[in-house]
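# A structural walkthrough
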Amino acid sequence: MNRISKKMVFITGATSGIGRATAMAYAKMGANLILAGRNIEILKEIKAKLHEWYDIKVYVLKFDVRDLEKIKDEVNNLPEEFKKIDILINNAGLALGLNKIHESSFDSFDTIMDTNVKGLLYITRIVVPYMLEHSPEGHIVNIASTAAQAAYSGGGVYCASKAAVKMLSDGMRIDLVDTPVRVTTINPGMVETNFSITRFDGDKKRADKVYEGIEPLAAEDVADTIIYATNLPLNVQICELTLTSNHQADGRTSYRKK
Ligand code: 8X3
């Protein structure tokens, strides 16, 4: 059964990876979309393709989730029909490097925490009042990570940021328990996206090494899981869901080579 058709879905970090795959998956289900990201040209290309393939409404927003004033301006000025947000996918996030905390740049601390933690808070604070006003049976999906469950070498700051996402998600679920709004945390393990390329500042060789000999998840696998969680009947709330490829048993310590 398709409970998603015609819903309004707001996705951050929609230009690539899990965000983009999730946009495609919702479009296929007949949902309308608000796609947010830093690269408006890519978002416009995605919008054009979606309009060609599906009979849905798509609106694109350019902002960095660290920029509170820009988010306020863009979201508060959405056309009225796009303010009726049913599902929020807090997906924007990144990692930078694999350095020891005492050797990392100060800038990297700010970028990771401001994007993964404060950015998610800004978006949630601005979007959820619209959800409650227009679509009280809404759903918030927060993309955390297996990194939220155990730290790994060089990942301390990133892992901490994702542990914060898990805890914020739990907090939101409690805050919203008096409403029918559901809150779901999704913890993907290794996923083949440009995540590692960003982490290593465009160094594709180094990024490829992360998944060498391992079969990671595809972004589409995570998108399917998000669709599953948000398409369940209203009385069912997936609080937290961890998915890894069949090759991975936990965070970064236990996996099977191809
Ligand atoms: C991203 C997956 O394995 O780099 O959340 O922590 S990993």
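Residues numbered from 1 in each chain as written. Predicted model: local features only at pLDDT ≥ 70, side-chain atom pairs only at ≥ 80, totals over all residues. Heavy atoms only, no water.

For the protein chain, the name recorded in an unreviewed UniProt entry is Short-chain dehydrogenase/reductase SDR, with Ilyobacter polytropus as its organism. Note on the protein chain: under the UniProt heading Sequence similarities (unreviewed entry), the record states "Belongs to the short-chain dehydrogenases/reductases (SDR) family." (UniProt positions renumbered as here; feature names shortened; annotations may be inferred.)

## Focus on the pattern of salt bridges
Evaluated as defined, the whole model comprises eleven salt bridges. A salt bridge links Lys118 to Asp114, with the nearest nitrogen and oxygen atoms 3.7 Å apart. Taken together, the residues Lys118 and Asp114, both in helix α4 (residues 106-134) and four residues apart, mark about one turn of the helix. When its relative accessible area of 23% is taken as the criterion, Asp114 is described as partly exposed. Between Lys166 and Glu240 there is a salt bridge, with its nearest N and O atoms 2.8 Å apart. With Lys166 in helix α5 (residues 156-175) and Glu240 in strand β9 (residues 240-243), the pair connects residues that are 74 residues apart, well separated along the chain. Take Glu240: its relative accessible area is 33%, and that puts it in the partly exposed class. Ionic contacts of the salt-bridge type, sharing partners, join the residues Lys166, Asp170, Arg173 and Glu240 into one network. (Salt bridge = Lys/Arg side-chain N within 4 Å of Asp/Glu carboxyl O. Helix = DSSP H or I, 4+ residues; strand = E, 2+ residues; numbered from the N terminus. Buried < 20%, exposed > 50% of the residue type's maximum accessible area, 1.4 Å probe, protein only.)

## Some details on α4
In this model, α4 (29 residues) spans 41 Å end to end at C-alpha, consistent with the 42 Å of a helix rising 1.5 Å per residue. Along its length, α4 shows its largest kink, about 40 degrees, at Asp114. (Expected span 1.5 Å × (residues − 1). Bend = angle between axes of the 7 residues up to and from the residue.)

## Overview of the pairing of strand β2 (residues 32-37)
Buried residues dominate β2, accounting for six of its six residues. The alternating pattern of β2 places Asn32, Ile34 and Ala36 on one face and Leu33, Leu35 and Gly37 on the opposite face, and all of these are buried. In this fold, strand β1 (residues 8-11) hands off to helix α1 (residues 17-28), which returns the chain to β2; that crossover is right-handed. Strand direction decides the pairing type here: β2 and strand β3 (residues 58-62), joined by five bridges, are parallel. Bridge assignment links Ile34 to a residue of β3, and that residue is Tyr59. (Right-handed = clockwise from strand over helix to strand, strands pointing away. Pairing = 2+ DSSP bridges.)

## Things to note about the pairing of β1
Here β1 shows a buried face lined by Met8 and Phe10 and a second buried face lined by Val9 and Ile11. Bridge analysis of β1 against β2 gives four bridges, and the strand direction is parallel. Bridge pairing in β2 links Met8 to Asn32. Relative to strand β4 (residues 87-90), β1 runs parallel, the two sharing three bridges. Bridge pairing links Phe10 to Leu88 in β4.

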